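Listed here are the chains, written in short residue letters.
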Amino acid sequence: MRGPLPASIRTAVITTLFTLLALFSAGAQAQSLSDQTISSFIDSLKAAEQLEPEFEDLSNDMDSQNDGTMPDFSRIFSDSLKELEGHQAYGQLEDLVQDHGFGSLEEWAATGDRIFQAWMAIEMEQQSPAAQEEMSAAMAEIENNPNMTAQQKAQMRAMMEGAMGAMQSASNAPPADIKAVRPHVDALREAGNY
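The sections below set out a description of the structure shown in this document. In this text the structure is predicted, and so the values were computed from the model without any measurement. (Residues numbered from 1 in each chain as written. Predicted model: local features only at pLDDT ≥ 70, side-chain atom pairs only at ≥ 80, totals over all residues. Heavy atoms only, no water.)

## With respect to helix α6 (residues 105–126)
Note on helix geometry: an α-helix contains 3.6 residues per turn, so any two residues three or four positions apart are oriented the same way.
Then, in step 1: Its 22 residues place the ends of α6 31 Å apart at the C-alpha level, agreeing with the 32 Å of an ideal helix rising 1.5 Å per residue.
Then, in step 2: Across the 22 residues of α6, 17 count as buried, placing the element largely inside the fold. (Helix = DSSP H or I, 4+ residues; strand = E, 2+ residues; numbered from the N terminus. Expected span 1.5 Å × (residues − 1). Buried < 20%, exposed > 50% of the residue type's maximum accessible area, 1.4 Å probe, protein only.)

Shown next, in the form of structure tokens:
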């Protein structure tokens with residue numbers, strides 16, 4: 001990059017990335033989310049912190065394979081399982097989630113996807129209604145910035161489009177899931193900061 005990004009673009013990108021890193025969205029619907037299921041999922045996230053040293057090597061491997069594109073936030077847990085297969089921590093995580101009442105890692109991941117989609121929807125409700133407009137304005141600034149190369153613009157465009165897609169996915173969260181997750185938002189925020 002030849003010069004620093006304008007403050008408005010930097011702010012929009014940073015805000016979007018922090019929001020998206022903290023929030024994940026979801027897909028499949030099986031049954032309603034109970035308070036117990038949501039609490040068990042949150043407890044499993046906290047317990048998974050014990051496995052952190054096991055995941056450091058895997059995280060380094062995944063970082064080296066990252067092509068700079070945004071992950072699919074609608075399946076963040078489910079897709080992460082694919083990355084984890086074959087790693088020794090997979091079995092440990094499977095035991096951990098079963099200890100928390102989940103039949104399998106796949107069930108746990110699908111539940112996590114739903115919980116985080118609903119959580120994202122709740123967080124987006126609290127954001128400025130103009131967030132979409134701000135992101136569109138930031139996209140226009142990126143496109144018109146003479147100090148960015150075409151490659152830099154393409155990378156920034158991909159990140160912003162991923163963020164906008166995640167916002168759209170959140171708006172598709174089932175109302176029943178949102179209602180079930182709403183009382184657990186503080187616990188989810190706390191679990192995300194361990």
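Still more ground to cover, so stick around.
## Structural notes on the pattern of salt bridges
Then, in step 1: Tallied over the entire structure, the rule returns seven salt bridges.
Then, in step 2: The partner of Lys82 in a salt bridge is Asp79, and the shortest N-O contact between them spans 3.8 Å. You can see Lys82 and its partner Asp79 sitting in helix α4 (residues 76–84), three residues apart, about one turn around the helix.
Then, in step 3: Judged by its relative accessible area of 56%, Lys82 falls in the exposed class.
Then, in step 4: Salt bridges sharing common partners tie together Glu123, Asp186 and Arg189. (Salt bridge = Lys/Arg side-chain N within 4 Å of Asp/Glu carboxyl O.)

## Brief notes about the environment of Ile115
Then, in step 1: Tracing the chain through its elements places Ile115 in helix α6.
Then, in step 2: Relative accessible area serves as the criterion here: at 0%, Ile115 is assigned to the buried category.
Then, in step 3: As a C-alpha pair, Ile115 and Ala173 span 58 residues in sequence and 9.3 Å in three-dimensional space.
Then, in step 4: Beyond its immediate chain neighbours, meaning those up to four positions away, Ile115 contacts Leu33, Ile38, Phe41, Val181 and Leu188. (Contact = heavy atoms within 4.5 Å.)

## What to know about α4
Then, in step 1: Looking only at α4, the buried set comprises Ile76, Phe77, Ser78, Leu81 and Leu84.
Then, in step 2: Positive phi appears at Gly86, one or two residues downstream of α4, with a value of about 90°.

## What about the nonpolar core?
Then, in step 1: Of all hydrophobic cores here, the largest spans 49 residues; its most connected members are Phe41, Phe77, Leu93, Trp108, Ile115, Phe116 and Val181.
Then, in step 2: Listed by contribution, the elements that provide at least two residues to this core are α2 (35–48), α4, α5 (88–99), α6, α7 (131–144), α8 (150–171), α9 (175–181) and α10 (185–192).
Then, in step 3: By residue number, the principal contributor to this core is α6, which donates 11 residues.
Then, in step 4: In contact with Phe41, not counting residues within four places along its chain, are Phe77, Phe102, Trp108, Gly112, Ile115 and Phe116. (Core = buried A, V, L, I, M, F, W, Y, C linked by side-chain atoms within 4.5 Å.)

## Here we look at the environment of Ile178
Then, in step 1: For Ile178, the location among the structural elements is in helix α9.
Then, in step 2: Each C-alpha atom, one on Ile178 and one on Trp119, is 6.9 Å from the other, the two residues being 59 residues apart in sequence.
Then, in step 3: Discounting residues that sit within four places of it in the chain, Ile178 has contacts with Ala118, Ala121, Ile122, Glu125 and Ala173.

## What about the packing of aromatic side chains?
Then, in step 1: Applying the stated criterion across every chain yields a total of seven aromatic pairs.
Then, in step 2: Ring centres 5.3 Å apart and planes at 85° place the aromatic pair Phe41 and Phe77 in the edge-to-face group. A residue pair is termed long-range when its members are at least 10 positions apart, and Phe41 in helix α2 and Phe77 in helix α4 qualify at 36 residues.
Then, in step 3: Owing to a relative accessible area of 0%, Phe41 belongs among the buried residues under this scheme. (Phe/Tyr/Trp six-rings, centres within 6.5 Å; stacked < 30°, edge-to-face > 60°.)

## Here we look at the packing of α6 against α10
Then, in step 1: One can describe the packing of α6 onto α10 by two numbers: an axis separation of 11 Å at closest approach and a directional angle of 105°. In terms of axis orientation, α6 runs roughly perpendicular to α10. Here Ile115, Phe116, Trp119, Ile122, Glu123 and Gln126 of α6 come into contact with α10, specifically with Val185, Leu188 and Arg189.
Then, in step 2: Partitioning the contact of α6 with α10 into residue classes produces six nonpolar, one polar and two charged. (Axes fitted to C-alpha atoms, helices over the stretch in contact; angles between N-to-C directions. Parallel < 35°, antiparallel > 145°, perpendicular 65-115°, else oblique. Nonpolar A, V, L, I, M, F, W, Y, C, P; charged D, E, K, R; others polar.)

## Section: the environment of Gly112
Then, in step 1: Looking at where Gly112 falls in the secondary structure, it is placed in helix α6.
Then, in step 2: Using a relative accessible area of 0% as the deciding quantity, one classes Gly112 as buried.
Then, in step 3: Sequence separation of Gly112 and Phe77 is 35 residues, and the distance between their C-alpha atoms is 6.3 Å.
Then, in step 4: Those residues in contact with Gly112 that lie beyond four places of it in its chain are Phe41 and Phe77.

In short, shape yes, function no, at least from these values alone.
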